[in-house]
Amino acid sequence: MTAEIISVGTELLLGNILNTNAQYLSRELAALGITVQRESTIGDNHSRLADFVNEAKQRCDLLVFTGGLGPTADDLTKETVASCYGDTLAFDAEEWDKIVAYFTRTGRTVTPNNRKQAMVPVHGRKVVNRHGTAPGAWFEQDGRCAVLMPGVPHEMKAMWQEEVRPLLLARQNCALHSLTLRVLGGESNLEYQVRDLLENANPTAAIYCKTGECEIRITARAKTDTEAETMCRAYAKKFYDLLGDAVYDEDVAGLEETVVHTLQRKGLTLATAESCTGGMIAQRITNVSGASEVFGYGFVTYWEQAKAKLVGVDPAVIEQYNVVSAPVAAQMALGAAQVVGYSLGRVGPLLWGAGLVLGAAWLDKDVTLAVGQLLVTALALPLTRERGRRRP
């Protein structure tokens, strides 16, 4: 099955709103084995939208729309797409009662233009919205489909998971299973190493580039979920054989989740000492559920004086080696761990110092006081302030 994602809203074209819906839906459709051929954004204009839909439905099996289902005059998606698919809309008293109840529950007065949201397809079907006032819609003509969802991200995601995804799974007539490998390294080098594995029809594999790392998403299609999962696992082993320890985890949101789970498993604790990242490493750690079991302290030591006072960096070491140096990074990490009595210390990038060129940085790695050793590594490439904040 092929698909096109169409985001409707002049505010998107003006750059007033970041379109996170398209990114979410691209990943979700890919996980179902549906090939997304295009992503498009179009403004709130009936004629332009109608021309676009009539064109798009000729080249794709499924059109996925977000936005334009509200009560205002410029919310035109539902009536426009209905016309393109040879359908009409009718008033749904049940949906209207839901809308009235929602407004009453939130202490607001419902206005007549909200009746527009209670209009649903005559030949197609409405898609229930349990998290807002605008129901979605499903249209079909000559085996080609269109599904319409709200533009509000949390409403769209809920509707997708609760209503649309099950509909599409039923049409697939098979089971799908996916797993995602998290891999350290750059996209071009990684792609070259595993290029032969990316050409397979089933299971499929695709690389998604992140900052400092990549995801490899493997998806298998089979008669049962158990069979699809077995196929995924067997194919994942081929990547492990090629990439080894560069694959650091599976199905996690990022490196911070792996760090927390590893610390939990080993019974270790962590403290951080940061400079230019301003607490962002600590923030990423604490965003992981269960982080309170292993993380309790984070030091933001932006000034040289703070490095000395809070984590015990010797001012003489700063004077001798400069603030951006391996000895200072080592003392920060060890100091953070020693101050709080923790087993591990982690230091964030050091970027600023009198007379120093912006871009030099030192990061520590695998700080384990139990063996009395500390490895401090220099980055291979210059590190800007923003890149330092985004490193995994």
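Residues numbered from 1 in each chain as written. Predicted model: local features only at pLDDT ≥ 70, side-chain atom pairs only at ≥ 80, totals over all residues. Heavy atoms only, no water.

Engineer: Help me understand the environment of Phe91 in this model?
Structural biologist: Its location among the elements puts Phe91 in strand 4 (residues 89–91). On the basis of relative accessible area, Phe91 is assigned to the partly exposed category, the value being 35%. Residues Phe91 and Arg115 lie 24 residues apart in sequence; the distance between their C-alpha atoms is 7.9 Å. Non-local contacts of Phe91, meaning those with residues more than four positions away in its chain, are made with Trp96, Arg115, Ala118 and Met119. (Helix = DSSP H or I, 4+ residues; strand = E, 2+ residues; numbered from the N terminus. Buried < 20%, exposed > 50% of the residue type's maximum accessible area, 1.4 Å probe, protein only. Contact = heavy atoms within 4.5 Å.)

Engineer: Can you walk me through the pattern of salt bridges in this structure?
Structural biologist: When their charged atoms lie close together, side chains carrying opposite charge are able to pair. Overall, the coordinates contain 18 salt bridges when judged by the stated rule. Glu4 is the salt-bridge partner of Arg59, the closest N and O atoms lying 3.0 Å from each other. Taken as a pair, Arg59 in helix 3 (residues 46–59) and Glu4 in strand 1 (residues 2–8) lie far apart in primary sequence, 55 residues in all. Between Arg182 and Glu213 there is a salt bridge, with the nearest N and O atoms lying 3.3 Å from each other. A residue pair is termed long-range when its members are at least 10 positions apart, and Arg182 in strand 9 (residues 175–184) and Glu213 in strand 11 (residues 213–222) qualify at 31 residues. For the pair formed by Arg182 and Glu213, the shared burial category is buried. Within this structure, Arg27, Arg182, Lys210, Glu213 and Glu215 form a network of salt bridges that share partners. (Salt bridge = Lys/Arg side-chain N within 4 Å of Asp/Glu carboxyl O.)

Engineer: So what exactly am I meant to see when it comes to the pairing of strand 13 (residues 270–274) here?
Structural biologist: The side chains of a regular strand alternate between both faces of the sheet. Burial analysis of strand 13 places five of its five residues in the buried class, the great majority of the element. Residues of strand 13 alternate between two faces, with Leu270, Thr272 and Glu274 on one and Ala271 and Ala273 on the opposite face, all of them buried. Looking at chain direction, strand 13 and strand 14 (residues 295–300) are connected through five bridges and run parallel. Across the sheet, the residue bridging to Ala271 is Tyr297, located in strand 14. This β-α-β element, strand 13 to helix 10 (residues 280–286) to strand 14, shows right-handed connectivity. (Pairing = 2+ DSSP bridges. Right-handed = clockwise from strand over helix to strand, strands pointing away.)

Engineer: What is the right way to look at the side chain of Thr66 in this model?
Structural biologist: Of note, Thr66 is situated in strand 3 (residues 62–66). Using a relative accessible area of 3% as the deciding quantity, one classes Thr66 as buried. Setting aside its immediate chain neighbours within four residues, Thr66 contacts Ile6, Ser7, Val8, Asn21, Leu25, Met149, Pro150, Gly151 and Met156.

Engineer: I'm lost on the sheet that holds strand 3 in this one. Help?
Structural biologist: Hydrogen bonds between backbone groups are what pair the strands of a sheet, and the pairing can be parallel or antiparallel. Read from one edge to the other, the open sheet built from six strands follows the order 2-1-3-8-7-6, with strand pairing classed as mixed. Of all strands in the sheet, those with a lone pairing partner are strand 2 (35–42) and strand 6 (125–127), marking the two edges. Pairwise comparison of adjacent strand axes, ignoring direction, gives a mean angle of 20° for this sheet. One ladder, built from five bridges, connects strand 1 with strand 3; its direction is parallel. (Axes fitted to C-alpha atoms, helices over the stretch in contact; angles between N-to-C directions.)

Engineer: Please explain unusual backbone geometry as it appears in this structure.
Structural biologist: Backbone phi values are negative for most residues with the exception of glycine, while trans is the configuration of most peptide bonds. Residues Asn202 and Pro203 are joined by a peptide bond in cis, for which omega reads 5°. Within the secondary structure, Pro203 is located in the loop between helix 7 (187–194) and strand 10 (204–209). Despite not being glycine, Asp251 has its phi angle at roughly 50°, a positive value. Unusually for a residue other than glycine, Asn322 sits at a positive phi of about 80°.

Engineer: Even after reading the chapter, I still don't get the sheet that holds strand 12 (residues 247–250), so can you show me in this structure?
Structural biologist: Across the sheet, which stays open at both edges, the four strands sit in the order 10-11-9-12 with antiparallel pairing between neighbours. The outermost strands of the open sheet, each flanked by one partner alone, are strand 10 and strand 12. Within this sheet the neighbouring strands show an average axis-to-axis angle of 25°, counted without direction. Both strand 9 and strand 11 contribute to a ladder of ten bridges, which runs antiparallel. Within strand 11, the residue paired with His177 across the bridge is Ala220. In this fold helix 7 packs onto strand 9, strand 10 and strand 11, with an angle of close to 165° to the strand it touches most, strand 10.

Engineer: I keep staring at the pairing of strand 3 and nothing clicks. Help me out?
Structural biologist: For strand 3, the buried fraction is high: five of the five residues fall into the buried class. Covered by surrounding structure in strand 3 are Leu62, Val64 and Thr66 together with Leu63 and Phe65, the residues of both alternating faces.

Engineer: Sorry, what's going on with helix 6 (residues 153–172) here?
Structural biologist: Given 3.6 residues per turn, any residue in an α-helix points the same way as the ones three and four places further on. If you look at helix 6, its biggest bend is around 50°, right at Trp160. Within helix 6 the residues assigned to the buried category are Glu155, Met156, Ala158, Met159, Trp160, Glu163, Val164, Leu168 and Gln172. At its buried positions, helix 6 is contacted by helix 2 (20–31), strand 3, strand 6, strand 7 (136–141), strand 8 (144–149) and strand 9. The positive-phi residue at the C-terminal boundary of helix 6 is Asn173, with phi of around 60°. (Bend = angle between axes of the 7 residues up to and from the residue.)

Engineer: Honestly, the confidence of the model for the protein in this entry has me stumped. Any pointers?
Structural biologist: Atomic detail in the predicted coordinates should be set aside for any region of low pLDDT. Here the protein averages 85 in pLDDT, and 87% of its residues register 70 or above. Low pLDDT, under 50, characterises residues 349–373; the stretch is placed with 81 contacts to residues that sit more than four places away or in other chains. Across residues 379–385 the pLDDT falls below 50, and counting only partners more than four positions away or on other chains, this stretch makes 16 contacts in the model. (pLDDT = per-residue confidence, 0-100.)

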